[in-house]
There are 2 protein chains.
Amino acid sequence: MGASARRGPYFCGIDAAMDVVAGKWKSLILWELHQHGTRRFAELRRGLPGVSEKMLIQHLREMEEDGLVHREVYHQVPPKVEYSLTEDGVSLNAALAPLGEWGTERMRRIGAGRVLVDGAAATGR
Amino acid sequence: MGASARRGPYFCGIDAAMDVVAGKWKSLILWELHQHGTRRFAELRRGLPGVSEKMLIQHLREMEEDGLVHREVYHQVPPKVEYSLTEDGVSLNAALAPLGEWGTERMRRIGAGRVLVDGAAATGR
DNA sequence: TGGGGTACGCACCTGCGGGTAAGTACCAGT
DNA sequence: ACTGGTACTTACCCGCAGGTGCGTACCCCA
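Being a predicted model, the structure only gives us computed values, none of them experimental.

**Considerations on the protein's contact with DNA strand C**
Next up, step 1: As a matter of local geometry, DNA strand C sits amid 23 residues, with A:Glu53, A:Arg71, A:Tyr83, B:Lys24 and B:Lys54 nearest to it.
Next up, step 2: Counting only the atoms of DNA strand C that lie within 4 Å of the protein, the sugar and phosphate share comes to 67%.
Next up, step 3: Between A:Arg61 and DNA strand C, the recorded distance is 3.1 Å, taken from a side-chain N or O atom to a phosphate oxygen.
Next up, step 4: Here A:Pro79 contributes a backbone N or O atom positioned 3.3 Å from a sugar or linking oxygen of DNA strand C.
Next up, step 5: A total of 4 residues in the surface near DNA strand C trace back to one element, the largest contributor, which is helix H4 (residues 53–65) of chain A.
Next up, step 6: In the surface near DNA strand C, the residues fall into 10 nonpolar, 4 polar and 9 charged.

**Things to note about the interface of chain B and chain A**
Next up, step 1: Taken together, the contact pairs 39 residues of chain B with 39 residues of chain A.
Next up, step 2: In terms of surface lost to chain A, no three residues of chain B exceed B:Phe11, B:Ile14 and B:Trp102, which account for 20% of the buried area on that side.
Next up, step 3: Viewed at the interface, chain A and chain B are joined by 4 salt bridges.
Next up, step 4: Of the charged contacts, one joins A:Arg109 and B:Asp88 as a salt bridge, the two residues approaching to 3.2 Å between their closest N and O atoms.
Next up, step 5: There are 6 residue pairs in polar contact (both at pLDDT 80 or more) connecting chain B and chain A.
Next up, step 6: Of the residues forming the side of chain B that touches chain A, the biggest block, 14 residues, is contributed by helix H5 (residues 87–110) of chain B.
Next up, step 7: Grouping the amino acids of the side of chain B that touches chain A by side-chain chemistry returns 25 nonpolar, 7 polar and 7 charged.

**A short note on the protein's contact with DNA strand D**
Next up, step 1: Around DNA strand D, the structure places 22 residues, and the nearest of them are A:Lys54, B:Glu53, B:Ile57, B:Arg71 and B:Tyr83.
Next up, step 2: In DNA strand D, atoms within 4 Å of the protein come from the sugar-phosphate backbone in 67% of cases.
Next up, step 3: Here a base oxygen of DNA strand D sits 2.3 Å away from a polar atom, N or O, in the side chain of A:Lys54.
Next up, step 4: B:Arg71 has a polar side-chain atom sitting 2.4 Å from a phosphate oxygen of DNA strand D.

**A few points about the UniProt feature "domain: HTH hxlR-type" (unreviewed entry) in chain A**
Next up, step 1: Here the UniProt feature "domain: HTH hxlR-type" (unreviewed entry) sits at residues 12–111 of chain A.
Next up, step 2: Across residues 12–111 of chain A one finds 64% helix and 15% strand; the C-alpha atoms that close the span lie 32 Å apart.

**A short note on the relation of the copies chain B and chain A**
Two copies of the chain are present, and they differ by a rotation about an axis and a shift along that axis.
Next up, step 1: Note on the copies: chain B fits chain A at an RMSD of 0.0 Å, the axial shift is 0.0 Å, and the rotation between them is 180°. Such a turn and shift between the copies fits a two-fold axis.
Next up, step 2: Taken as a fraction of all interface residues of chain B, those also at the interface in chain A reach 100%, which identifies the copy contact as same-surface.

**Describing the sheet that holds strand E2 (residues 69–74) of chain B**
Residues and elements named next belong to chain B.
Next up, step 1: Strand order in the open sheet formed by 3 strands is E1-E3-E2, and the pairing between neighbours is antiparallel. Lying at the two open borders of the sheet, with one neighbouring strand each, are strand E1 (38–40) and E2. Between one strand axis and the next, the sheet turns through 25° on average, direction left out of account.

**Quick word on the pattern of salt bridges**
Next up, step 1: With the rule as written, the count across this model stands at 18 salt bridges over all chains.
Next up, step 2: Among the ionic pairs, A:Arg106 bridges to B:Asp66, the shortest N-O distance being 3.6 Å. With A:Arg106 in helix H5 (residues 87–110) and B:Asp66 in the loop between helix H4 (53–65) and E2, this pair bridges two chains. Residues A:Arg106 and B:Asp66 agree in their burial class; the two are buried.
Next up, step 3: Because the salt bridges share partners, they merge into one network encompassing A:Asp88, B:Glu105, B:Arg108 and B:Arg109.

**Describing the packing of helix H2 (residues 26–36) of chain B against H5(B)**
All names here are of chain B.
Next up, step 1: At a minimum axis separation of 10 Å, H2 and H5 run at an interaxial angle of 105°. Relative to H5, the element H2 lies roughly perpendicular. Mapping the contact onto sequence places Leu 30, Trp 31 and His 34 in H2 and Gly 89, Leu 92 and Asn 93 in H5.
Next up, step 2: Residue composition of the contact of H2 with H5, grouped by class: 3 nonpolar, 3 polar and no charged.

The rules we used
- Residues numbered from 1 in each chain as written.
- Chains lettered and ligands numbered in written order.
- Predicted model: local features only at pLDDT ≥ 70, side-chain atom pairs only at ≥ 80, totals over all residues.
- Heavy atoms only, no water.
- Near = heavy atom within 4 Å.
- Polar contact = N/O pair within 3.5 Å; in protein donor to acceptor, adjacent residues only side chain to side chain.
- Helix = DSSP H or I, 4+ residues; strand = E, 2+ residues; numbered from the N terminus.
- Nonpolar A, V, L, I, M, F, W, Y, C, P; charged D, E, K, R; others polar.
- Contact = heavy atoms within 4.5 Å.
- Buried area = accessible area lost by both parts, 1.4 Å probe.
- Salt bridge = Lys/Arg side-chain N within 4 Å of Asp/Glu carboxyl O.
- UniProt positions renumbered as here; feature names shortened; annotations may be inferred.
- Least-squares fit on C-alpha atoms with pLDDT ≥ 70 in both.
- Pairing = 2+ DSSP bridges.
- Axes fitted to C-alpha atoms, helices over the stretch in contact; angles between N-to-C directions.
- Buried < 20%, exposed > 50% of the residue type's maximum accessible area, 1.4 Å probe, protein only.
- Parallel < 35°, antiparallel > 145°, perpendicular 65-115°, else oblique.

This is the structure in structure tokens:
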């Protein structure tokens with residue numbers, strides 16, 4: 001409850017897309033899954049510094065409902081769940097790419113330092 | 001007050017851009033200004049059915065701070081103010097275009113009827 | 001035998017994003 | 001004289017997005 005209640009009639013394509021990526025971590029999750037292909041829950045949590053477990057799950061569930069991510073459960077113990085992008089998720093990410101470039105360019109202009117925790121930086125945008 | 005406090009350090013370009021377009025009406029304002037080139041306050045209000053005056057102004061002010069829109073005041077009475085996109089606003093809109101197409105495609109798939117008030121529809125996405 | 005990891009579920013709470021409504025200073029039209 | 005339009009401002013209120021924290025069932029490793 002409280003999760004969806006969305007899919008309301010939209011004004012145009014942009015807010016239909018915005019509705020789906022709305023949420024503090026949605027776009028980051030997209031990006032993370034896009035870069036690594038497949039990630040387990042705990043890997044995602046570590047990849048998104050600052051995210052709470054509650055929000056991670058909530059967002060992942062919503063994105064699954066929206067057909068953006070695929071959830072593969074391995075019935076074993078300890079539990080193992082793998083998340084990956086669906087076709088729609090991949091295309092959404094592609095559609096987000098120019099926006100990401102615009103944002104990177106903007107960060108350069110206003111000098112908003114990016115926060116990086118991984119040593120895996122330097123791969124660019 | 002309560003307006004900005006943003007520009008926090010970003011993880012990547014995407015959420016730097018998302019920070020700027022965050023807000024219920026921001027993307028719609030971008031789109032409206034892009035389509036009409038220059039619009040007065042009341043024209044925007046009529047173009048965004050459902051927006052409150054308070055939010056319209058607040059968003060316009062923030063977007064002006066962020067260097068997305070230009071605000072031209074004509075010191076006359078009755079007051080006249082014209083809003084238009086800056087170069088950054090135009091490029092942001094261009095960066096949003098693929099996202100808009102993705103959203104339109106998605107609306108087609110899930111059959112979320114779009115809400116149109118203008119007769120000026122049919123121009124597509 | 002106890003600490004840590006995996007993938008969550010649930011209850012509680014706070015902040016703020018956004019809505020509502022009223023007020024302002026001035027003028028044009030009827 | 002009254003209504004309506006222009007471009008706001010200010011005060012108040014409310015819902016929900018998101019954070020914190022605890023609990024769970026099971027296993028591995030020291």
